[in-house]
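Residues per chain are reported as follows:
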Amino acid sequence: MMPLQGVRIADFTRDLAGAFCPCLLGLLGAEVIKIESTLRPDPTRSLARFFGWKRGLTMEGLDSSMEFCHVNLNKLGVTLDLTHPKGMELARRIVAVSDVAVDNFRPGVMKKLGLDYEVLSRVKPGLIMLSTCGWGATGPEKSNASYAPIFATVGGLSQLTGYHDMPPPTVRTLPDATAAGMAAFAILTALVHRQATGEGQYIDFSSVENIISLVGDSVVEHSLTGVVPGPHGNRNESMVPHGTYRCQGDDRWVSIAVADGPEWQAVCHAVGHPEWLQDVRFSGHQERLRNREELDRLVEEWTLGRSAEEASAVLQGAGVAAVPAYNNDQLCQDPHLREREYFAQIEHPVIGKHTVLRPPWLLSETPAQITSPGPLMGEHNNYVLGELLGLSSEEIEQLAAEKVLV
Amino acid sequence: MTRMALQGVKVVELCSLAAGPFCGKLLADMGAEVVKVEVPGQGDPARHRGPYPPSGPHPEASGLFFYLNTNKQSLALSLQHPEGKEVFIRLLKWADMLLEDTPPGTLESMGMGYPVLAKLNPRLIVTSITPFGQTGPNKHHKVYPINAFSAGGATYLLAKGEGFGRRPPLQPGRYYGDCESGVGASVATMAALYWQRLTGKGQHIDCSRQEWTMGLNRWYIVRYANDGDVEGRGANSYPWGGVLPCKDGYICLICPRDYEWDRLVGAMDNPEWASDERFRDNFLRAQNGPALNQLLSTWLKDYSKADACRLLQAAGVAAGPVNTVTDMLDSPQFQERDLFIEAEHPIMGKVRFPRLPFKMSATPAALRRQAPALGEDSRKVLSTLGYAQEEIDTLEAQGFIAGGAV
């Protein structure tokens, strides 16, 4: 039993920002029907060369991308040509047996396909529809094209991250994936509302606005002080030492954050430098803030002599917040994550057996689960069109011959 | 007044600073009745962080606390004494869910572990939001925001490329990492609420912030597990394009597909260098990324952020400005979408902040009240729980609950 069992989602999304939203709901038990076509496949299906190429996976064919698989877990796959009138009609019939529809086309595309909320809410009374795109469904910038790093620059995150003496960072992936999480939250609130009242609704979601909401306190700061907030590197206005410090090994680092006097004392004893407590440069919090560069240098002298794991263990043992700034090989070998079985094995018909992350929450009564890998192109045409919509196998063959199922 | 999506959902929040409170804020802004439990005389540590108005630090004037706690009620309650614990238990019998971020084992040591709470209130959902989850060798490790983000592998992956790769792994601006893990917890919590409304049953949800954050970067994390590839920080996030300088700041330009290259070249009025052999296809452009970015920067230096993005978007190229807070406030796009809300606060004066990043047609999020003063709702909450005025007076006189200002 999963918590969203019985909820069905017609999924018109593509790319990470779109596809990961119904994926999260699918991991929680919703039945997600991903509607795409070989004429316009989800672009993520072409990311096989990005990882997996060592395993002999190529961009040829649309079923060998681990990237696609990992953000489309638990979905059913249907291939419909949405520019064909019969394809549009079948898409409407899928919506008619669904509770939720999600898309991340640019504003106007779903309307052109005859699949906008006005039409679909007549096809299915009580429908919840969420449309997500960069700037939202209205306003002068609504038709803009965008990718994850642009959400981060337009939404203010890039300007608030990094250093004064360098260009702002190009932030990859995170802005897409977080938008998908927030969109899943929005859909769930609408589902709870529908549960109580039977009423559906339309949700206009913006990935740029999502970034702004995650750094919204910067807007508050400006309204209170008139200051335009900028980047601070790894500094913190009230904590010192604070940052990521180089350790033994190739590009290995540990993050350390020290809030107050007692934590500072614990650091000095843990690293074997009680004499720092007597040092006038570090005698009080204000002094430490003022001399933070010198302090950072001394702390790094200590971290350089040990592995990130060892530095973290020593400091945590003394009650100091220190965690390796893990890279992917450290995480994949981390005993804590292994004990929590965060790395799961799945079997994919083309990719084979490989490692994926299990759902990121442990629910005691209705656990989230991976029930299937990302769908192959058209893998579930027969189930969806036959069993759910009641088409005969002759009708399905006919639709395939007419290149509606393509 | 329109019904709100989470109207009637009763939430107790025992969380501080940013991750848990952001999850609670999402629920509160959607209409849930959220009672925030705080330590009398101290309150959420966020009250003691800036930004503050020019009048100076004041626990009722923290911009950060304001942003994270709109629409909530504050109950100042001592959980150290049996009398306070008794109030807390009555509160949990009333509630649909508890959001808590105490270190694993804390509730158990107070005699209020999940099995006990489930007997008191079988409907209760308990969402535990902790850095490393409820189990595993690191479960007791202490973190501040930079450590939690590092634990998820995200400081390492946030900013890459020649410049950033030479510097330490980087924290994101503001409380981005904390807030995004609050989003993760909200998804599972809402799914559990949906199931609770169907079945009347609650459950315990173990949310590890490390796991959620890793899940957002899942593609890069599992590359090592599957292919043995260590994801380094030396290469740029995108082989060319990304954040580039222009006349009055920076823009972000992402152009991964061949047809987008053709549009870009057209938008630049077909400069001679664009037909150079080095830039013939996507592969060669990636090989010659630094040279290409140099030429793009030279072209961009005559354009303002706004003009460059207008020109590029008109040609169908994904581009967006690196916005500061003032850029966002001045944006006609955000003005037309009413992104920024204003409130008049008794101490802070005018406070401006972004609404949630989505618009719902039937149940829009709304500002019903500002963030509460510490203990502002103590007496009211106890009276809702059925305490008589004299009992409340006694509890207050004994210091187990507190009302009013700090």
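Residues numbered from 1 in each chain as written. Chains lettered and ligands numbered in written order. Predicted model: local features only at pLDDT ≥ 70, side-chain atom pairs only at ≥ 80, totals over all residues. Heavy atoms only, no water.

## Here's the deal with the overall build of chain A
So, step 1. Within chain A one finds 17 helices and twelve strands.
So, step 2. As presented, chain A carries roughly 14,100 Å² of accessible surface, and 50% of it is formed by carbon and sulfur atoms. (Helix = DSSP H or I, 4+ residues; strand = E, 2+ residues; numbered from the N terminus. Areas by Shrake-Rupley, 256 points an atom, 1.4 Å probe, with all protein chains shown as cover.)

## Considerations on the overall build of chain B
So, step 1. The helix and strand tally for chain B stands at 19 helices and 13 strands.
So, step 2. On the principal axes, the C-alpha backbone points of chain B span a range of 85 × 50 × 40 Å.
So, step 3. Within chain B, the proportion of its 406 residues that are buried is 62%.
So, step 4. Of the contacts made within chain B by residues no fewer than 6 positions apart, 70% connect residues no fewer than 24 positions apart.
So, step 5. When the accessible surface of chain B is split by element, carbon and sulfur atoms take 52% of a total near 14,400 Å².
So, step 6. Side chains of chain B carry 42 positive and 43 negative charges; the gap between the two charge centres is 2 Å. (Buried < 20%, exposed > 50% of the residue type's maximum accessible area, 1.4 Å probe, protein only. Contact = heavy atoms within 4.5 Å. Lys, Arg positive; Asp, Glu negative; His and termini not counted. Charge placed at Lys NZ, Arg CZ, Asp CG, Glu CD.)

## Let's talk about the state of the cysteines
So, step 1. Scanning all chains against the criterion turns up zero disulfides over all chains.
So, step 2. A disulfide-free cysteine, Cys268 of chain A has its sulfur positioned 18 Å from the sulfur of Cys247 of chain A, the nearest such atom.
So, step 3. Note on Cys268 of chain A: relative accessible area 0%, which makes it buried.
So, step 4. For Cys179 of chain B, which is in no disulfide, the shortest distance to another cysteine sulfur is to Cys23 of chain B and amounts to 11 Å.
So, step 5. Residue classification places Cys179 of chain B among the buried residues on the basis of a relative accessible area of 2%. (Disulfide = S-S within 2.5 Å.)

## A few points about the layout of surface pockets
All names here are of chain B.
So, step 1. In this model, the second largest pocket occupies a volume close to 1,100 Å³.
So, step 2. Forming the boundary of the second largest pocket are 38 residues, of which Ser16, Pro45, Asp101, Thr102 and Pro103 lie nearest the centre.
So, step 3. Taken together, the elements giving at least two residues each to the lining of the second largest pocket come down to helix H1 (19–29), strand S2 (33–38) and strand S5 (125–130).
So, step 4. Partitioned by chemical class, the residues of the lining of the second largest pocket number 19 nonpolar, twelve polar and seven charged. (1 Å grid on protein atoms, 1.4 Å probe; cavity = no way out; pocket = protein on both sides within 12 Å on 5 of 7 lines; lining within 4 Å. Points joined across faces, edges and corners; volume = space filled by probe spheres on them. Nonpolar A, V, L, I, M, F, W, Y, C, P; charged D, E, K, R; others polar.)

## Section: the sheet that holds strand S6 (residues 203–208) of chain B
So, step 1. Ordered by their spatial adjacency, eight strands build an open sheet running S12(A)-S6(B)-S5(B)-S4(B)-S1(B)-S2(B)-S3(B)-S13(B), and the pairing between neighbours is mixed. Of all strands in the sheet, those with a lone pairing partner are strand S12 (361–363) of chain A together with strand S13 (401–402) of chain B, marking the two edges.
So, step 2. For strand S1 (residues 10–14) of chain B and strand S4 (residues 97–100) of chain B, the ladder comprises four bridges, and the chain directions are parallel. What sits directly across from Val12 of chain B, in S4 of chain B, is Leu98 of chain B.
So, step 3. The sheet contacts of helix H3 (residues 82–94) of chain B involve S1, S2, strand S3 (72–77) and S4 of chain B, and relative to S1 of chain B the element is tilted by about 145°. (Pairing = 2+ DSSP bridges. Axes fitted to C-alpha atoms, helices over the stretch in contact; angles between N-to-C directions.)

## Observations concerning the domain arrangement of chain A
So, step 1. Each assigned domain of chain A is listed here: domain 1 (8–214 + 341–401) and domain 2 (242–333).
So, step 2. Between the C-alpha centres of domain 1 of chain A and domain 2 of chain A the distance comes to 42 Å. (Domains from an automatic or database assignment.)

## Regarding the pairing of strand S5 (residues 128–133) of chain A
Residues and elements named next belong to chain A.
So, step 1. The element S5 is extensively covered by neighbouring structure, given that six of its six residues are classed as buried.
So, step 2. Burial along S5 is two-sided: Ile128, Leu130 and Thr132 and Met129, Ser131 and Cys133, pointing in opposite directions, are all buried.
So, step 3. Across four bridges, the pairing between strand S4 (residues 100–103) and S5 is parallel. Directly across from Ala101, in S5, lies its bridge partner Met129.

## As for the pattern of salt bridges
Residue and element names in this part refer to chain A.
So, step 1. Scanning the model with the defined rule gives 52 salt bridges over all chains in all.
So, step 2. Between Arg297 and Glu301 there is a salt bridge whose closest N-O contact spans 2.8 Å. Here the residue Arg297 and the residue Glu301 both occupy positions in helix H12 (residues 292–303), the gap between them amounting to four residues, near one helical turn.
So, step 3. Given a relative accessible area of 42%, Arg297 falls into the partly exposed group. (Salt bridge = Lys/Arg side-chain N within 4 Å of Asp/Glu carboxyl O.)

## Overview of the nonpolar core
So, step 1. In terms of nonpolar packing, the biggest core is built from 149 residues, with Leu4, Phe20 and Trp361 of chain A together with Leu6, Phe22, Leu27 and Phe358 of chain B touching the most fellow members.
So, step 2. No other element matches helix H7 (residues 174–197) of chain A, which puts 14 residues into this core.
So, step 3. Both domains that meet at this core, namely domain 1 (8–214 + 341–401) and domain 2 (242–333) of chain A, each give it at least three residues.
So, step 4. Those residues within four positions of Phe358 of chain B in sequence are excluded, and the remaining contacts are Met182, Phe185, Ala186, Ile203, Asp204, Phe205 and Glu209 of chain A together with Met30 of chain B.
So, step 5. In terms of nonpolar packing, the next biggest core, distinct from the first, is built from 30 residues, Leu79, Trp94, Leu117 and Ile392 of chain B among them. (Core = buried A, V, L, I, M, F, W, Y, C linked by side-chain atoms within 4.5 Å.)

## Details of the side chain of Glu60 of chain B
So, step 1. Relative to the assigned elements, Glu60 of chain B resides in the loop between S2 and helix H2 (63–68).
So, step 2. For Glu60 of chain B, the side chain forms a polar contact with the main-chain nitrogen of Leu374 of chain B, separated by 2.9 Å. (Polar contact = N/O pair within 3.5 Å; in protein donor to acceptor, adjacent residues only side chain to side chain.)

## Details of the interface of chain A and chain B
So, step 1. Opposite the 154 residues of chain A that make contact, chain B presents 142 residues.
So, step 2. Across the chain A/chain B interface, buried area totals approximately 13,200 Å², and carbon plus sulfur atoms make up 63% of it.
So, step 3. Joining chain A to chain B, the criterion identifies twelve salt bridges.
So, step 4. Across the chain A-chain B interface, the total number found is 68 residue pairs in polar contact (both at pLDDT 80 or more).
So, step 5. Element by element, the count of residues in the side of chain A that touches chain B is highest for H7 of chain A, at 18 residues.
So, step 6. Looking at the side of chain A that touches chain B, its residues break down into 81 nonpolar, 49 polar and 24 charged.
So, step 7. Bridge analysis of strand S6 (residues 201–206) of chain A against strand S12 (residues 358–360) of chain B gives three bridges, and the strand direction is antiparallel. If you follow Ile203 of chain A over to S12 of chain B, its bridge partner there is Met360 of chain B. (Buried area = accessible area lost by both parts, 1.4 Å probe.)

## Some details on the side chain of Glu36 of chain A
So, step 1. In this fold, Glu36 of chain A is placed in strand S2 (residues 31–36).
So, step 2. When residues no more than four places from it in sequence are discounted, the contact partners of Glu36 of chain A are Pro41, Asp42, Arg45, Phe68, Val78, Thr79, Leu80, Met377 and Val406 of chain A.

## Observations concerning the environment of Asp101 of chain B
Residue and element names in this part refer to chain B.
So, step 1. The residue Asp101 is located in the loop between S4 and helix H4 (106–109) in this model.
So, step 2. Linking Asp101 and Leu17, residues 84 residues apart in sequence, is a C-alpha distance of 10.0 Å.
So, step 3. If we ignore the near neighbours within four places in the chain, the residues touching Asp101 are Leu14, Cys15, Ser16 and Ile129.
So, step 4. Engagement of the side chain of Asp101 in a polar contact is seen with the backbone nitrogen of Ser16, the distance being 2.9 Å.

## So, the packing of aromatic side chains
So, step 1. Per the counting criterion, the structure on display carries 15 aromatic pairs over all chains.
So, step 2. With a centroid separation of 6.1 Å and an interplanar angle of 10°, the aromatic rings of Phe205 of chain A and Phe358 of chain B are classed as stacked. Pair noted here: Phe205 of chain A is in strand S6 and Phe358 of chain B is in strand S12, and the two residues belong to different chains.
So, step 3. On the accessibility criterion, Phe358 of chain B (4% relative accessible area) is buried.
So, step 4. Judged by centre distance (5.6 Å) and plane angle (90°), the ring pair of Trp240 of chain B and Trp261 of chain B falls under edge-to-face. (Phe/Tyr/Trp six-rings, centres within 6.5 Å; stacked < 30°, edge-to-face > 60°.)

## Brief notes about the environment of Glu180 of chain B
So, step 1. If you trace the backbone, Glu180 of chain B turns up in helix H9 (residues 176–199).
So, step 2. The exposure class assigned to Glu180 of chain B is buried, which follows from its relative accessible area of 0%.
So, step 3. Separated by 158 residues in the primary sequence, Glu180 of chain B and Phe22 of chain B have C-alpha atoms spaced 8.4 Å apart.
So, step 4. Ignoring any residue separated from it by four or fewer positions in sequence, one finds Glu180 of chain B in contact with Leu174, Thr178 and Leu214 of chain A together with Phe149, Trp212, Thr213 and Leu216 of chain B.

## Remarks on the pairing of S2 of chain A
Residues and elements named next belong to chain A.
So, step 1. Of all six residues in S2, five are buried; the element is thus mostly enclosed.
So, step 2. For strand S1 (residues 8–12) and S2, the ladder comprises four bridges, and the chain directions are parallel. In the strand pairing of S2, Ala10 is matched with Ile33.
So, step 3. In this region the chain leaves S1, passes through helix H1 (residues 15–27) and returns to the parallel neighbour S2; the handedness of that crossover is right-handed.
So, step 4. As paired strands, S2 and strand S3 (residues 75–79) are joined by five bridges and run parallel to one another. Within S3, the position partnered with Lys34 by the bridge is Gly77. (Right-handed = clockwise from strand over helix to strand, strands pointing away.)

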